[in-house]
Amino acid sequence: MKRETMKFLGKAVLFLAIFAMLLAPLQQLLERKSLSGPWDMSNKVGGFYNEPEDEFDLMFFGSSHAYAAFSPLRLWEDTGVKSYVFATQQQPLWATYTYLKEAFKTQRPQAVVVELNMTVIGDEQPKDSVNYSALDYLPMSWNKVQLAWNSGETLENRTALLFNIFKYHSRWSELKREDFTYDPDTLRDPYKGYVLLTKARAEQARPDITGVTDRTAISEKKMYWLQQIVDLCKEEQVELLFLKSASNLSAEEKAMLNTVEDFAAENGITFHDFNEDYDAIGLNGKMFYDEHHLDGTGAALFTDYFARWLMEQGIDFKTDPDNADWAAAAAQYDAELAKQSA
């Protein structure tokens, strides 16, 4: 294993030198782009790197349960706190750890939220589509090299994750104008990482988790990365919040989440499961885009409730309630949200 690790790292360093000179423009041309909403992840992940330094006092990390639930613009309207959702599809915990490290390069938030969906679902080895979603829009760095290593199973797979030209080299016939005009330095997301989902398709059933007190173990791998996340936030002196967004949690998932709650208590980490607060939030089954993801109306109600809960935690957040740029983005968000109830 050590020899394979050194072989991978040596190959990565050599390829980085060649890549920087010759292949970076070609990879940028061929890699997939996601520039149209609501899942415009090129803008949401890539755009984070074009945000001002020290802009966000709160950041959210995790899977789609994070980017479909927490609306930074709504939160800013409620509290004046600036935030960003740095989440990806089914983001594995080791990717969350990398995204935290990437965020801390430019941001000094008072607190970070890790949404806990991926502690109770997800395979030990995610699908390639999940891994590429986490890696594709990250700029090249040592953090990205480590994430490729942690995400892949073989040297070939890890190399392809790091240099995705090996995956997308056959896209020549699919190239569009946006591929040729794509410029990562201009990416921005006015919604600050949030995905505004359309009105619920059908009423979604809420499983009964009342009285679920069982503890079901989660894997050693997940526990390891949870501890890495805890240690990183302590090292960076950032308040860490372990939260589960409203997502129609099943009884089986609740039993696993109870184990994470115990872990949080042992480490002095604030924990809360908002699946127990539907009545207080005002949520019902018609406010979900699908079985587990809130639609725009549900996310707005959820964020309002979360804002009140957050202010009760005693964290000394900086606020900027009169920021003109945020006001303009919030007006755009409010107008789009209003269409759902029209």
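Everything discussed here concerns the structure shown above.
Residues numbered from 1 in each chain as written. Predicted model: local features only at pLDDT ≥ 70, side-chain atom pairs only at ≥ 80, totals over all residues. Heavy atoms only, no water.

Chemist: Quick question: what am I supposed to make of the overall build of the protein here?
Modeler: Of the regular secondary structure elements, the protein holds 16 helices and five strands. Relative to a compact globule of 342 residues, whose C-alpha radius of gyration would be 20 Å, the protein shows 20 Å and is just as compact. Based on the C-alpha atoms only, the size of the protein along its principal axes is roughly 55 × 45 × 40 Å. Expressed as a percentage of the 342 residues in the protein, the buried residues total 56%. In the protein, the proportion of contacts linking residues at least 24 apart, taken out of those at least 6 apart, comes to 85%. (Helix = DSSP H or I, 4+ residues; strand = E, 2+ residues; numbered from the N terminus. Rg over C-alpha atoms; globule rule 2.2 N^0.38 Å. Buried < 20%, exposed > 50% of the residue type's maximum accessible area, 1.4 Å probe, protein only. Contact = heavy atoms within 4.5 Å.)

Chemist: Hey, could you run me through the nonpolar core in this one?
Modeler: Most often, soluble globular proteins keep nonpolar side chains buried together rather than apart. Core analysis: the biggest nonpolar cluster contains 101 residues, and L58, F70, F242 and F306 have the highest contact counts within it. No other element matches the eight residues that helix 15 (residues 296-311) contributes to this core. (Core = buried A, V, L, I, M, F, W, Y, C linked by side-chain atoms within 4.5 Å.)

Chemist: I tried to follow the side chain of D273 on my own but got confused; where do I start?
Modeler: Assignment of secondary structure puts D273 in strand 5 (residues 270-273). A distance of 2.8 Å separates a polar atom in the side chain of D273 from a polar atom in the side chain of K254. Beyond its immediate stretch of four places on either side in the chain, D273 contacts I209, K244, L249, K254 and L257. (Polar contact = N/O pair within 3.5 Å; in protein donor to acceptor, adjacent residues only side chain to side chain.)

Chemist: Looking at this structure, I do not really get the packing of helix 7 (residues 128-135) against helix 8 (residues 142-151). What am I missing?
Modeler: Two numbers describe a pair of packed helices, the interaxial angle and the distance between the axes. The interhelical angle for the contact between helix 7 and helix 8, taken along N-to-C directions, is 170 degrees, at an axis separation of 11 Å. One way to sum up the angle between helix 7 and helix 8 is to call them roughly antiparallel. Each of N131, A134 and L135 in helix 7 lies in contact with helix 8, whose residues at this interface are K144, L147, A148 and S151. Among the residues forming the contact of helix 7 with helix 8, the class breakdown is four nonpolar, two polar and one charged. (Axes fitted to C-alpha atoms, helices over the stretch in contact; angles between N-to-C directions. Parallel < 35°, antiparallel > 145°, perpendicular 65-115°, else oblique. Nonpolar A, V, L, I, M, F, W, Y, C, P; charged D, E, K, R; others polar.)

Chemist: How should helix 7 be read in this particular structure?
Modeler: An α-helical turn contains 3.6 residues, so a residue and the one three or four places further along point in the same direction. Most of helix 7 is tucked away: six of the eight residues are buried. Looking at helix 7, one finds that the buried residues are V130, N131, Y132, S133, A134 and L135.

Chemist: Help me out: how do you make sense of unusual backbone geometry in this one?
Modeler: What you tend to see is this: most non-glycine residues have negative phi, and most peptide bonds are trans. Notably, Q90 is not glycine yet its phi reads approximately 45 degrees, a positive angle. Looking at where Q90 falls in the secondary structure, it is placed in the loop between strand 2 (83-87) and helix 5 (93-103). On the basis of relative accessibility, which here comes to 36%, the residue Q90 falls in the partly exposed class. A positive phi angle, near 55 degrees, is found at K192, a position not held by glycine. Relative to the elements of secondary structure, K192 occurs in the loop between helix 11 (177-181) and helix 12 (220-236).

Chemist: What is the right way to read the packing of aromatic side chains from this model?
Modeler: In this description, a pair of aromatic rings is defined by centroid distance and the angle of the planes. In the structure shown here, the tally under the stated rule is 27 aromatic pairs. Considering the side-chain rings of F274 and F306, the 6.2 Å spacing of their centres and the 70 degrees angle between planes classify their relative orientation as edge-to-face. Taken together, the positions of F274 in the loop between strand 5 and helix 14 (278-281) and F306 in helix 15 put the pair 32 residues apart, joining distant regions of the chain. The pair formed by F274 and F306 is uniform in burial state, with each residue classed as buried. Put simply, the rings of F48, Y49, F56, F61, W76, Y84, F86, Y99 and W326 touch in pairs and so form one group of aromatic residues. Against the face of W149 rests R158, its NZ or CZ located 3.5 Å from the ring centre. Above the face of the Y278 ring, R206 is positioned so that its terminal group lies 4.0 Å from the ring centre. (Phe/Tyr/Trp six-rings, centres within 6.5 Å; stacked < 30°, edge-to-face > 60°. Lys NZ or Arg CZ within 6 Å of the ring centre and 35° of its normal.)

Chemist: Could you clarify how one ought to interpret the sheet that holds strand 3 (residues 111-115) in this entry?
Modeler: For sheets, the rule is that strands pair by backbone hydrogen bonds, running either parallel or antiparallel. The five strands lie next to each other as 2-1-3-4-5, forming an open sheet whose pairing is parallel. Strands with a single pairing partner mark the edges of an open sheet, and in this sheet they are strand 2 and strand 5. Within the sheet, the average angular offset between the axes of one strand and its neighbour, ignoring direction, is 20 degrees. Pairing geometry for strand 3 and strand 4 (residues 239-244), over five bridges, is parallel. Paired with E115 across the two strands is L243, which belongs to strand 4. Sheet strands in contact with helix 15 are strand 1 (58-62), strand 3, strand 4 and strand 5, and its direction is about 140 degrees off that of strand 4. (Pairing = 2+ DSSP bridges.)

Chemist: Would you explain the side chain of E253 in this entry?
Modeler: Among the secondary structure elements, E253 is positioned in helix 13 (residues 251-266). K244 is the oppositely charged side chain nearest to the buried, salt-bridge-free E253, at an N-O distance of 7.1 Å. At a separation of 3.0 Å, a polar atom in the side chain of E253 contacts the main-chain amide nitrogen of S250. (Lys, Arg positive; Asp, Glu negative; His and termini not counted. Salt bridge = Lys/Arg side-chain N within 4 Å of Asp/Glu carboxyl O.)

Chemist: Explanation requested: the environment of L155 in the structure shown.
Modeler: Looking at where L155 falls in the secondary structure, it is placed in helix 9 (residues 155-162). With 17 residues separating them in the primary sequence, L155 and W172 have C-alpha atoms 26 Å apart.

Chemist: Just checking my understanding: could you explain the environment of S34 for this structure?
Modeler: Topologically, S34 is positioned in the loop between helix 1 (2-30) and helix 2 (41-46). You can call S34 buried: its relative accessible area is 18%. Considering only alpha carbons, one finds S34 and R215, 181 residues apart in sequence, at a separation of 39 Å. Apart from the residues within four sequence positions on either side, S34 is in contact with W39, D40, M41, S42, N43 and Y137.

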